[in-house]
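# Structural overview
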Amino acid sequence: MAAFIDKVKVKVVSGRGGNGCVAWRREKFVDKGGPAGGDGGRGGDVYFVADENMSTLLDFTYKSVFRAQDGENGKNKNCHGQAGEDIYLKVPVGVIIRDLKNGKIIADLDEHAKIVLVAKGGRGGRGNARFATAQKRSPQFCEPGEASVERELELELKLIADVGLLGMPNAGKSSLISIISSARPKIADYPFTTLTPNLGVVKKLDGDGFVVADIPGLIEGASEGIGLGYEFLRHVQRCRFFIHIVDISSQDPVASYLKINNELEKYDSELLKRHQVLVLNKKDIVNETKVEKVLTEFKNVFSGKLFVVSCATSEGIKELLNCLYTLVDELPRHEFEIEIQDDYEFNNNDDSEFFITKLNKNTYSVTGGKLKRLIAVTDVKNVQQVRRLSNIMDSMGVWSELRRLGVQNEDCVVVEGVEMIYTENYF
């Protein structure tokens, strides 16, 4: 049986845009030729897709870094580079995607085939053919591709079920779901038999069905992280209503019921407002006097629908199912309120930030993502290309920052490994 993983951290990286190309036409019958450098291809995007055929995030524990394909660089003869392939990562329905950098939720994949873009690929750089004008017929420069986008995300699965089963350990939740659905969870006569949530589909008389979630048993202090229940309480947040199962043979059934409700309120006070059906299980091992005593005690704390059943003999199960059929039709699906960041930037490829370090009295080092890409497409022996590089650095504020730091004429400025001599009139 595959492990149930409902929370993972992943890193996604979109594709970098391909660089433009500097090239020229040299064909026998084309007079004077001209620029013929093609554009770079765009980088691939990263998407998440909800898939109802998946039930766990186990796949993301084996691989946690996902990279889209980079765009291809432009070529000569005006040939554009090939675009990078997008990647689509399948996750179970009910996954919430959170940006670890700011803790904001950016998507809730609550429907099958719902898709969300999480990292936009970089735009491809333009080749020198794009810069030709009537005044400048032979541009000696091209454009670098945009940078990729890197994001660290947390994927959290909140199961989508119509009905949630609540109760103390060994109350009979797994036994009930095995009777009313086709689910076959592990059943034993000791507490904490259920270690992970189980889903079962209950067929209605008209052929339709609804989903029931069996959550590992809660104990006192679960909302504070004690026991197993805290890890899985998130899976009851989407349920229409709850079936609260109480072991009628326990020493104090009412106290058990109140403890579970108390933990629900501590975890999320809204959960306590959700409709509950109370099921007193294990009738087959107690006498009628005990049953009457417990029913009398529950009248003071519970006013909803109450059933006394035995999962071992199936006594009372038919009446319970008829009630569930009615409630599923009557109660609307719970709208799970999630504050999603509307202004989230999925295509923030701006890496124009730069850093200046003074290496010694007359030498400065300038580094940065955009500068590194500009240097990669600049021929430092070509005056036009160096002039364009200087103009871009000026628009980025590099020269003004250097002057603020005290750069002088004839000082050495190392830009991503390329040495330049600072000249006031030139820069």
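Conventions adopted
- Residues numbered from 1 in each chain as written.
- Predicted model: local features only at pLDDT ≥ 70, side-chain atom pairs only at ≥ 80, totals over all residues.
- Heavy atoms only, no water.
- pLDDT = per-residue confidence, 0-100.
- Helix = DSSP H or I, 4+ residues; strand = E, 2+ residues; numbered from the N terminus.
- Contact = heavy atoms within 4.5 Å.
- Pairing = 2+ DSSP bridges.
- Axes fitted to C-alpha atoms, helices over the stretch in contact; angles between N-to-C directions.
- Buried < 20%, exposed > 50% of the residue type's maximum accessible area, 1.4 Å probe, protein only.
- Salt bridge = Lys/Arg side-chain N within 4 Å of Asp/Glu carboxyl O.
- Core = buried A, V, L, I, M, F, W, Y, C linked by side-chain atoms within 4.5 Å.
- Arc of directions from axis to C-beta.
- Parallel < 35°, antiparallel > 145°, perpendicular 65-115°, else oblique.
- Nonpolar A, V, L, I, M, F, W, Y, C, P; charged D, E, K, R; others polar.
- Right-handed = clockwise from strand over helix to strand, strands pointing away.

Put simply, the protein chain has an average pLDDT of 84, and 88% of its residues get 70 or more. Taking the mean pLDDT of every element in the protein chain, the minimum, 58, falls on helix α3 (residues 229-232) and the maximum, 97, on strand β5 (residues 65-67). Every residue in residues 190-194 scores below 50 in pLDDT, and together they form 15 contacts with partners more than four places removed in sequence or on other chains.

The subject of this paragraph is the sheet that holds strand β19 (residues 412-415). Within the open sheet, the four strands sit side by side as β17-β18-β19-β20. Their pairing is mixed. Strands with a single pairing partner mark the edges of an open sheet, and in this sheet they are β17 (354-360) and β20 (418-421). The mean inter-strand angle of the sheet, taken between neighbouring strand axes irrespective of direction, is 25 degrees. Sheet topology places β17 next to strand β18 (residues 363-368); six bridges connect them, and they run antiparallel. From the neighbouring strand, Lys358 faces β18, where its bridge partner is Tyr364. Against the sheet, helix α7 (residues 369-376) touches β17, β18, β19 and β20, its axis set at about 95 degrees to β18.

Our focus in this paragraph is the side chain of Ser256. Its place among the elements puts Ser256 in helix α4 (residues 253-267). Since its relative accessible area comes to 16%, Ser256 is described here as buried. Apart from the residues within four sequence positions on either side, Ser256 is in contact with Met168 and Ser250.

So, on to the pattern of salt bridges. Under the criterion given, the structure shown has 18 salt bridges. Between Glu72 and Lys75 there is a salt bridge; the shortest N-O distance is 3.6 Å. Assessed through its relative accessible area of 34%, Glu72 is described here as partly exposed. Across the pair Asp110 and Lys114 runs a salt bridge whose closest N-O atoms are separated by 3.2 Å. Among the ionic contacts, a cluster of salt bridges with common partners joins Arg98, Glu154, Glu156 and Lys158.

In terms of nonpolar packing, the biggest core is built from 27 residues, with Phe48, Phe60, Ile97, Val118 and Leu155 touching the most fellow members. If you list the elements that add at least two residues to this core, you get β1 (7-13), β4 (46-51), β6 (87-92), β7 (95-99), β8 (105-109), β9 (115-119) and β10 (150-157). What Leu155 contacts, discounting residues up to four positions off in sequence, is Asp6, Lys7, Val8, Val10, Phe48, Leu57, Phe60, Val91, Val95, Ile96 and Ile97. Within the second largest apolar cluster, 25 residues are counted, among which are Leu165, Phe241, Leu324 and Tyr325.

A few words now on helix α5 (residues 288-298). Turning to α5, its buried residues number three or more, namely Val291, Val294 and Phe298. Viewed end-on, α5 has its buried residues packed into an arc of 70 degrees, placing them on one side of the element. In this structure, the buried residues of α5 make contact with β14 (241-247), α4, β15 (275-281) and β16 (306-308).

Interaxial distance between α7 and helix α8 (residues 383-396) falls to 11 Å at its minimum, and their mutual angle equals 170 degrees. As far as their axial angle goes, α8 and α7 are roughly antiparallel. Residues Lys370, Leu371, Leu374 and Ile375 of α7 pack against Leu389, Ile392, Met393 and Met396 of α8. Here the residues of the contact of α7 with α8 are counted per class, giving seven nonpolar, no polar and one charged.

This part is about unusual backbone geometry. Residues other than glycine seldom take positive phi values, yet Asn170 does so here, at roughly 70 degrees. Relative to the elements of secondary structure, Asn170 occurs in the loop between β11 (163-167) and α2 (173-180). A positive phi is found at Lys282, a non-glycine position, where the angle reads about 70 degrees. Considering the arrangement of structural elements, one finds Lys282 in the loop between β15 and α5. Under the relative-accessibility criterion, Lys282 is labelled buried at 18%.

The next subject is the pairing of β15. Within a regular strand, side chains alternate between the sheet's two faces. In terms of residue burial, β15 counts as a mostly covered element, since six of its seven residues are buried. Pairing analysis gives seven bridges linking β14 to β15, with the strands arranged parallel. Bridging from a neighbouring strand, Phe242 pairs with Gln276 of β15. With respect to chirality, the unit in which β14 leads through α4 into the neighbouring parallel β15 is right-handed. As paired strands, β15 and β16 are joined by three bridges and run parallel to one another. Paired with Leu280 across the two strands is Val308, which belongs to β16. Once you follow β15 into α5 and on to β16, the crossover reads as right-handed.

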